[in-house]
Amino acid sequence: MAGAAEGRGQPAQPSWPQAATLLLRAASLALCLLAWHWASTRKLDLGVITFVNVPAPLEVLHAAWDLLQSPLLAKHVGASVARVFGGFIAAAVAGVALGLVIGRSRRAGDILMPPLEMLRPIPAVAWIPLAILMFPSSEMSMVFITFTGALFPILLNTVHGVEQIDARLLASARSLGARRLALFAEVVLPGAAPGIVTGLAIGMGTAWFCLVTAEMISGQFGIGYYTWASYTVQNYADIVVGMLFIGVFGMGSSALIRKLGALATPWKEDK
């Protein structure tokens, strides 16, 4: 008991497995950078894939520094963040609502899932002409493209989360006198919450994934537009900078969703 008390009084120290994991991840990233540097500086050409025109990491670093110093950076980032989060929030509301309805009602699933499943495989780029026709402004068209990218992961994970709820929990709640609203609020939502959080995190990533496609419609600002415009004028280093910005923002946004989801579902045990 005394040893346990002393252990509780001592500050937590990082475990060696955690340090080894961080070291392994850093080494993996460094290895990828070294391979990229070697292939691009040697102008490696394997026939099927070539690095003749691929910029080296140092060139990309210089281009990134120039962009960080540019007054246009805030406009590019602000425009993209607004479009992604606008589409994501709309997709979260629609996807969670539809997923809960479909997961709880077989008839609703029979009615709603066939058209949704038909629309799901359509790539974001195929929506561009229709989005231009449907919406009066290019801004709404771009938000719609990110919406379509985020909707289906959120919807399907919500449906799966509802369907995975143990039927015995629902039966027990009913036997204790829980009415439909209480059953939904106290059993269905908490039970489906981990699946919903997973769908939201994936949906956020796919919203950023669709950003370049969405901003092909635009002719002014956005990280996706910056990446596409860099390709059209053959600024190869800037292309990679735009890709890395999208990757960093997408990874950070998904991590934020997962963190908020973990705070909202404290009953879920970490594995």
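Residues numbered from 1 in each chain as written. Predicted model: local features only at pLDDT ≥ 70, side-chain atom pairs only at ≥ 80, totals over all residues. Heavy atoms only, no water.

Some remarks on the overall build of the protein
Point 1. Looking only at helices and strands, the protein has 12 helices and zero strands in total.
Point 2. Put simply, the protein runs from its N terminus to its C terminus through helices and strands in the order α-α-α-α-α-α-α-α-α-α-α-α.
Point 3. Taking 2.2 N^0.38 as the reference for a compact globule, 271 residues should give roughly 18 Å; the C-alpha atoms of the protein span a radius of gyration of 23 Å, well beyond that estimate.
Point 4. When the backbone C-alpha atoms are referred to their principal axes, the protein occupies close to 70 × 70 × 40 Å.
Point 5. Each of the 271 residues in the protein was classed as buried or not, and the buried ones make up 37%.
Point 6. Taking the intrachain contacts of the protein between residues at least 6 apart in sequence as the baseline, contacts between residues at least 24 apart amount to 70%.
Point 7. Accessible surface, the protein as shown: approximately 16,900 Å² in total, 68% of it carbon and sulfur.
Point 8. Of the charged side chains in the protein, 18 are positive and 14 negative, and the gap between their average positions amounts to 9 Å. (Helix = DSSP H or I, 4+ residues; strand = E, 2+ residues; numbered from the N terminus. Rg over C-alpha atoms; globule rule 2.2 N^0.38 Å. Buried < 20%, exposed > 50% of the residue type's maximum accessible area, 1.4 Å probe, protein only. Contact = heavy atoms within 4.5 Å. Areas by Shrake-Rupley, 256 points an atom, 1.4 Å probe, with all protein chains shown as cover. Lys, Arg positive; Asp, Glu negative; His and termini not counted. Charge placed at Lys NZ, Arg CZ, Asp CG, Glu CD.)

So, the packing of aromatic side chains
Point 1. As enumerated under the stated definition, the model contains six aromatic pairs in all.
Point 2. Judged by centre distance (5.5 Å) and plane angle (80°), the ring pair of Trp127 and Phe144 falls under edge-to-face. Taken together, the residues Trp127 in the loop between α5 (106-119) and α6 (128-134) and Phe144 in helix α7 (residues 138-163) connect sequence positions 17 residues apart. An identical accessibility class is assigned to Trp127 and Phe144; each is buried.
Point 3. Taken together, Trp127, Phe135, Phe144 and Phe147 form an aromatic cluster joined through their ring pairs. (Phe/Tyr/Trp six-rings, centres within 6.5 Å; stacked < 30°, edge-to-face > 60°.)

Concerning the nonpolar core
Point 1. Ranked by internal contacts, the top residues of the largest apolar core, which has 56 residues, are Phe88, Ile145, Ile154, Leu200 and Val241.
Point 2. Top contributing element to this core by residue count: α7, with 11 residues. (Core = buried A, V, L, I, M, F, W, Y, C linked by side-chain atoms within 4.5 Å.)

Section: the pattern of salt bridges
Point 1. Per the counting criterion, the structure on display carries four salt bridges.
Point 2. Glu139 is the salt-bridge partner of Arg83, the closest N and O atoms lying 2.7 Å from each other. Taken together, the residues Arg83 in helix α4 (residues 72-104) and Glu139 in helix α7 connect sequence positions 56 residues apart.
Point 3. Here Arg83 falls in the buried class, since its relative accessible area comes to 5%.
Point 4. Between Asp166 and Arg168 there is a salt bridge; the shortest N-O distance is 2.8 Å. (Salt bridge = Lys/Arg side-chain N within 4 Å of Asp/Glu carboxyl O.)

Examining the layout of surface pockets
Point 1. Each pocket or cavity is described by its volume, and for the second largest pocket that value is around 200 Å³.
Point 2. Residue lining of the second largest pocket: Leu33, Trp36, Pro57, Leu58, Val60, Leu61, Ala64, Leu68, Val241, Leu244 and Phe245, and that is the complete set.
Point 3. Taken together, the elements giving at least two residues each to the lining of the second largest pocket come down to α2 (16-41), α3 (57-69) and α12 (236-264). (1 Å grid on protein atoms, 1.4 Å probe; cavity = no way out; pocket = protein on both sides within 12 Å on 5 of 7 lines; lining within 4 Å. Points joined across faces, edges and corners; volume = space filled by probe spheres on them.)

Looking at the confidence of the model for the protein
Point 1. Averaged over every residue, the pLDDT of the protein is 87; the share at 70 or more is 92%.
Point 2. In the model, residues 1-7 has pLDDT below 50 throughout and makes zero contacts with residues more than four positions away in sequence or in other chains. (pLDDT = per-residue confidence, 0-100.)

Observations regarding the packing of α4 against α7
Point 1. Relative orientation of the contacting elements α4 and α7 amounts to 30°, with a least axis distance of 6 Å. Looking at the two axes, α4 sits roughly parallel to α7. In this structure, α4 crosses over α7, and the sense of that crossing is right-handed. (Axes fitted to C-alpha atoms, helices over the stretch in contact; angles between N-to-C directions. Parallel < 35°, antiparallel > 145°, perpendicular 65-115°, else oblique. Left-handed = near helix turned anticlockwise from the far one by under 90°.)

Describing the side chain of Ser40
Point 1. Tracing the chain through its elements places Ser40 in helix α2.
Point 2. The class of Ser40 is buried, set by a relative accessible area of 2%.
Point 3. A distance of 2.8 Å separates the side chain of Ser40 from the backbone oxygen of Trp36, its partner in a polar contact.
Point 4. Residues within four places of Ser40 in sequence aside, it is in contact with Phe51, Val54, Pro55, Ala56 and Pro57. (Polar contact = N/O pair within 3.5 Å; in protein donor to acceptor, adjacent residues only side chain to side chain.)

Some words on a nonpolar patch on the surface
Point 1. Taken together, the side chains of Val125, Met216, Trp228 and Tyr231 make up a nonpolar region of the molecular surface, amounting to roughly 380 Å² of accessible area.
Point 2. Take Val125: it is sitting in the loop between α5 and α6. (Patch = residues over 30% accessible without salt bridge, like charges linked within 9 Å, V, L, I, M, F, W, Y side chains within 5 Å.)

Re α7
Point 1. Helix length check: α7, at 26 residues, gives a terminal C-alpha distance of 38 Å against a target of 38 Å (1.5 Å per residue), a fit within 8%.
Point 2. Among the 26 residues that make up α7, 20 are buried, leaving the element largely enclosed by the rest of the structure. (Expected span 1.5 Å × (residues − 1).)

Here's the deal with the packing of α4 against helix α9 (residues 180-209)
Point 1. Two elements in contact, α4 and α9, have axes whose closest approach is 9 Å; the angle formed by their N-to-C orientations is 145°. At the point where α4 passes α9, the crossing takes the right-handed sense. Here α4 contributes Ser80, Val81, Val84, Phe85, Phe88, Ala92, Val96, Leu100 and Arg104 to the contact with α9, which in turn contributes Leu183, Phe184, Val188, Leu189, Ile196, Leu200, Gly203, Met204, Ala207 and Trp208.
Point 2. Among the residues forming the contact of α4 with α9, the class breakdown is 16 nonpolar, two polar and one charged. (Nonpolar A, V, L, I, M, F, W, Y, C, P; charged D, E, K, R; others polar.)

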